[in-house]
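Inside the fold
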Amino acid sequence: AQSVTQPDIHITVSEGASLELRCNYSYGATPYLFWYVQSPGQGLQLLLKYFSGDTLVQGIKGFEAEFKRSQSSFNLRKPSVHWSDAAEYFCAGPLAAGNKLTFGGGTRVLVKP
Amino acid sequence: GAGVSQSPRYKVAKRGQDVALRCDPISGHVSLFWYQQALGQGPEFLTYFQNEAQLDKSGLPSDRFFAERPEGSVSTLKIQRTQQEDSAVYLCASSLAGGAGNTIYFGEGSWLTVV
């Protein structure tokens, strides 16, 4: 079945340290892929998206993600985390025809001072 | 408007009560989506409109859930005879056009608690 999987439910990182969030997809063709961030009590904000072309995608707030077809992955990274990055992060893709998004279960990021 | 606007932001309903949740998409956006997000989980697709046409309602969990977008702009999600399992955040989203490559913008959600 077509799906998006985020293997890590929680990640704790120290402020200033690097962050990597994992996302794996199961889909026959090259998918479109998105990363969204959700702060407590807020809606989803788009961080970045991959459509085609360059496999390293730059987003807002200093985030980047790399699409790796061989690993069916689209991992999100940030070199130096700020306390304001504490939130829940969702990977998503329109895995079926049309632009209906399928979301992963999310990864909650906690930032230690 | 500048973003997707949803109301009410918070709703407490007694079990069995009907509720209506409103979504005002970004001006000019053709596509509109409703998602349900249970506590601690990712959003789950409910239904999709292109203009006033409801093209996909495969995610609606039961016939108690009904959505409409009569003039192709504002949409309402109605839940009849609410049950406790309906407690969730209901997210509305819109995109400029249909098709898998279009960015989908989300509202802040309507938080429904059924008691």
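Computed from a prediction, not measured in an experiment: that's the story for all the values here.

1. Considerations on the interface of chain A and chain B
Tallying the contact residues gives 20 residues for chain A and 27 residues for chain B. Summed over both sides, the interface between chain A and chain B buries roughly 1700 Å², with carbon and sulfur atoms accounting for 55% of that surface. Applying the counting rule to chain A against chain B returns one salt bridge. The salt bridge involving K100 of chain A is made with D56 of chain B; its shortest N-O contact spans 3.3 Å. In this structure, the connection of chain A to chain B is made through six residue pairs in polar contact (both at pLDDT 80 or more). Contributing elements (two or more residues each) for the side of chain A that touches chain B: β5 (33-38) and β6 (44-50) of chain A. Taken together, the residues of the side of chain A that touches chain B sort by class into ten nonpolar, eight polar and two charged.

2. Thoughts on the pairing of strand β10 (residues 87-93) of chain A
Remark: a regular strand shows side chains that alternate across the two faces of the sheet. Residue and element names in this part refer to chain A. The element β10 is extensively covered by neighbouring structure, given that seven of its seven residues are classed as buried. Where burial is concerned, the two faces of β10 agree: the one with A87, Y89, C91 and G93 and the one with E88, F90 and A92 are both buried. Where β5 meets β10, five bridges bridge the pair, whose relative direction is antiparallel. Within β10, the residue paired with F34 across the bridge is A92. In the sheet, β10 pairs with strand β12 (residues 107-112) via three bridges, with the strands oriented antiparallel. Each residue of the ladder has a partner; that of A87, found in β12, is V109. By the bridge criterion, two bridges tie β10 to strand β11 (residues 102-103) in an arrangement that is antiparallel. Note that in β11 the partner of A92 across the bridge is F103.

3. As for the nonpolar core
If you look at the biggest cluster of nonpolar residues, it comprises 25 residues, and the most contacted ones within it are W35, L48, F74, L76 and Y89 of chain A. Residues L60, L77, A88 and L112 of chain B belong to the second largest nonpolar core, which totals 20 residues.

4. Notes on the pattern of salt bridges
Inspection of every chain in the model, using the stated rule, returns ten salt bridges over all chains. Put simply, D8 of chain A and R22 of chain A hold a salt bridge, and the shortest N to O gap is 2.9 Å. Highlighted residues: D8 of chain A in the loop between β1 (3-5) and β2 (10-14) and R22 of chain A in the loop between β3 (19-21) and β4 (24-26), separated in sequence by 14 residues. Residue E108 of chain B is joined to R9 of chain B by a salt bridge in which the shortest nitrogen-to-oxygen separation is 2.9 Å. Here E108 of chain B, found in the loop between β10 (105-106) and β11 (110-114), pairs with R9 of chain B, found in the loop between β1 (5-7) and β2 (10-13); they are 99 residues apart in sequence, far enough to count as distant. Exposure remark for E108 of chain B: the relative accessible area of 34% places this residue in the partly exposed category. If you follow the salt bridges from partner to partner, you end up with E64, E66 and R77 of chain A in one network.

5. Observations regarding the sheet that holds strand β8 (residues 75-79) of chain B
Residues and elements named next belong to chain B. Pairing is antiparallel in the open sheet, where four strands are placed in the order β1-β3-β8-β7. Two strands lie at the open edges of the sheet, namely β1 and β7 (65-68), each paired on one side alone. Strand after strand, the sheet turns through a mean of 15° between neighbouring axes, direction not considered.

6. Looking at the layout of surface pockets
The calculated volume of the largest pocket comes to roughly 330 Å³. Looking at the largest pocket, it is lined by 19 residues, and the ones nearest its centre are Q37, L39, G40, V89 and W111 of chain B. Counting only elements with at least two residues in the lining of the largest pocket, the list comes to β10 of chain A together with β9 (88-95) and β11 of chain B. Grouping the constituent residues of the lining of the largest pocket by class yields eight nonpolar, nine polar and two charged.

The rules behind these values
Residues numbered from 1 in each chain as written. Chains lettered and ligands numbered in written order. Predicted model: local features only at pLDDT ≥ 70, side-chain atom pairs only at ≥ 80, totals over all residues. Heavy atoms only, no water. Contact = heavy atoms within 4.5 Å. Buried area = accessible area lost by both parts, 1.4 Å probe. Salt bridge = Lys/Arg side-chain N within 4 Å of Asp/Glu carboxyl O. Polar contact = N/O pair within 3.5 Å; in protein donor to acceptor, adjacent residues only side chain to side chain. Helix = DSSP H or I, 4+ residues; strand = E, 2+ residues; numbered from the N terminus. Nonpolar A, V, L, I, M, F, W, Y, C, P; charged D, E, K, R; others polar. Buried < 20%, exposed > 50% of the residue type's maximum accessible area, 1.4 Å probe, protein only. Pairing = 2+ DSSP bridges. Core = buried A, V, L, I, M, F, W, Y, C linked by side-chain atoms within 4.5 Å. Axes fitted to C-alpha atoms, helices over the stretch in contact; angles between N-to-C directions. 1 Å grid on protein atoms, 1.4 Å probe; cavity = no way out; pocket = protein on both sides within 12 Å on 5 of 7 lines; lining within 4 Å. Points joined across faces, edges and corners; volume = space filled by probe spheres on them.

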